[in-house]
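Here's the letter readout for the chains.
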Amino acid sequence: MFAEDDVSEEILEPCGTPDHEDCGLRLILDRLGEKWTVMTVAELAGGPRRYREIERSLSGVTQRMLTLTLRRLERDGFLSRTVEPTNPPSVTYALTASGQSFARMVTHLVDWSRSHKDTIRLAQQDFDRHHVG
């Protein structure tokens, strides 16, 4: 769509305005805005994981938040949930094709964030020096 760090003549139109259909961006932003979504998707990008494996890998996540995050991602079609009939039951989560595609997009966002974090911090510090009052 856009070449890296190039200014493109393509203009992004706002989604959901009367003269522009809803492009679905809000659906994705809802997920990206949730604290644990990106980390959960990143964990599952390495392959299927059982619930406890995911929970142990995400330091600080509560059982309730992990359950909500997994349910939302499953509802959106990004992951599948398989219950194995063991005692106690074992639940495994895996990214679907849509989830794998989403994970690739998230990877680009994470890479961009890593490469621009110092620039953003410097801009924030500069702004604060000139606007704190």
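Thresholds applied
Residues numbered from 1 in each chain as written. Predicted model: local features only at pLDDT ≥ 70, side-chain atom pairs only at ≥ 80, totals over all residues. Heavy atoms only, no water. Helix = DSSP H or I, 4+ residues; strand = E, 2+ residues; numbered from the N terminus. Buried < 20%, exposed > 50% of the residue type's maximum accessible area, 1.4 Å probe, protein only. Contact = heavy atoms within 4.5 Å. Areas by Shrake-Rupley, 256 points an atom, 1.4 Å probe, with all protein chains shown as cover. Pairing = 2+ DSSP bridges. Core = buried A, V, L, I, M, F, W, Y, C linked by side-chain atoms within 4.5 Å. Salt bridge = Lys/Arg side-chain N within 4 Å of Asp/Glu carboxyl O. Polar contact = N/O pair within 3.5 Å; in protein donor to acceptor, adjacent residues only side chain to side chain. Phe/Tyr/Trp six-rings, centres within 6.5 Å; stacked < 30°, edge-to-face > 60°.

(A) Just the overall build of the protein chain, in detail. In terms of regular secondary structure, the protein chain is built from five helices and three strands. Ordered by position in the sequence, the α and β elements of the protein chain form the string α-α-β-α-α-β-β-α. For the protein chain, buried positions account for 23% of its 133 residues. Across the protein chain, the fraction of contacts at a sequence separation of at least 24, relative to all contacts at a separation of at least 6, is 41%. If you sum the accessible surface of the protein chain, you get close to 10100 Å²; carbon and sulfur atoms cover 53% of it.

(B) The arrangement of the sheet that holds strand E2 (residues 79-84) in detail. Pairing is antiparallel across the open sheet formed by three strands, whose spatial order is E1-E3-E2. Unpaired on one side and paired on the other, strand E1 (49-50) and E2 mark the two borders of the sheet. Looking at chain direction, E2 and strand E3 (residues 90-95) are connected through six bridges and run antiparallel. Across the sheet, the residue bridging to threonine 82 is threonine 92, located in E3.

(C) Focus on the nonpolar core. If you look at the biggest cluster of nonpolar residues, it comprises 18 residues, and the most contacted ones within it are Leu44, Ile54, Leu58, Leu66, Leu70, Leu79 and Tyr93. Sequence-distant contacts of leucine 79, defined by excluding residues within four places in its chain, comprise Leu44, Leu70, Leu73, Glu74, Tyr93, Ala94, Leu95 and Thr96.

(D) Quick peek at the pattern of salt bridges. Going through the model one piece at a time under the given rule, you end up with six salt bridges. Where arginine 49 meets glutamate 43, a salt bridge forms, and the shortest distance between an N and an O atom there is 3.0 Å. Of the residues examined, arginine 49 reaches a relative accessible area of 21% and is grouped as partly exposed. Put simply, arginine 114 and aspartate 111 hold a salt bridge, and the shortest N to O gap is 3.9 Å. Separated by three residues within a single helix, arginine 114 and aspartate 111 lie in helix H5 (residues 97-131), roughly one turn from each other. We classify arginine 114 as exposed; its relative accessible area is 58%.

(E) Broad picture of the environment of threonine 40. On the secondary structure map, threonine 40 appears in helix H2 (residues 37-44). Residue classification places threonine 40 among the buried positions, given a relative accessible area of 0%. Along the chain, threonine 40 and isoleucine 54 lie 14 residues apart, while their C-alpha atoms are 7.3 Å from each other. Among all residues touching threonine 40, those that are not within four sequence positions of it are Leu58, Leu66, Thr69, Leu70 and Leu73. Within the structure, the side chain of threonine 40 is placed 2.7 Å from the backbone oxygen of tryptophan 36, a separation counted as a polar contact.

(F) Here's a closer look at the packing of aromatic side chains. Scanning the model with the defined rule gives one aromatic pair in all. A ring pair is formed by phenylalanine 78 and phenylalanine 102, whose centres lie 4.6 Å apart and whose planes are at 5 degrees; its orientation type is stacked. With phenylalanine 78 in the loop between helix H4 (63-75) and E2 and phenylalanine 102 in helix H5, the pair connects residues that are 24 residues apart, well separated along the chain. In terms of burial, phenylalanine 78 and phenylalanine 102 fall into one category: buried.

(G) Quick peek at the side chain of threonine 37. Of note, threonine 37 is situated in helix H2. Under the relative-accessibility criterion, threonine 37 is labelled buried at 0%. Among the polar contacts made by the side chain of threonine 37, one reaches the side chain of glutamate 34 at a distance of 3.2 Å. Excluding its chain neighbours within four sequence positions, the residues that come into contact with threonine 37 are Arg31, Thr69, Leu73 and Phe102.

Purely geometric numbers; function is a separate question.
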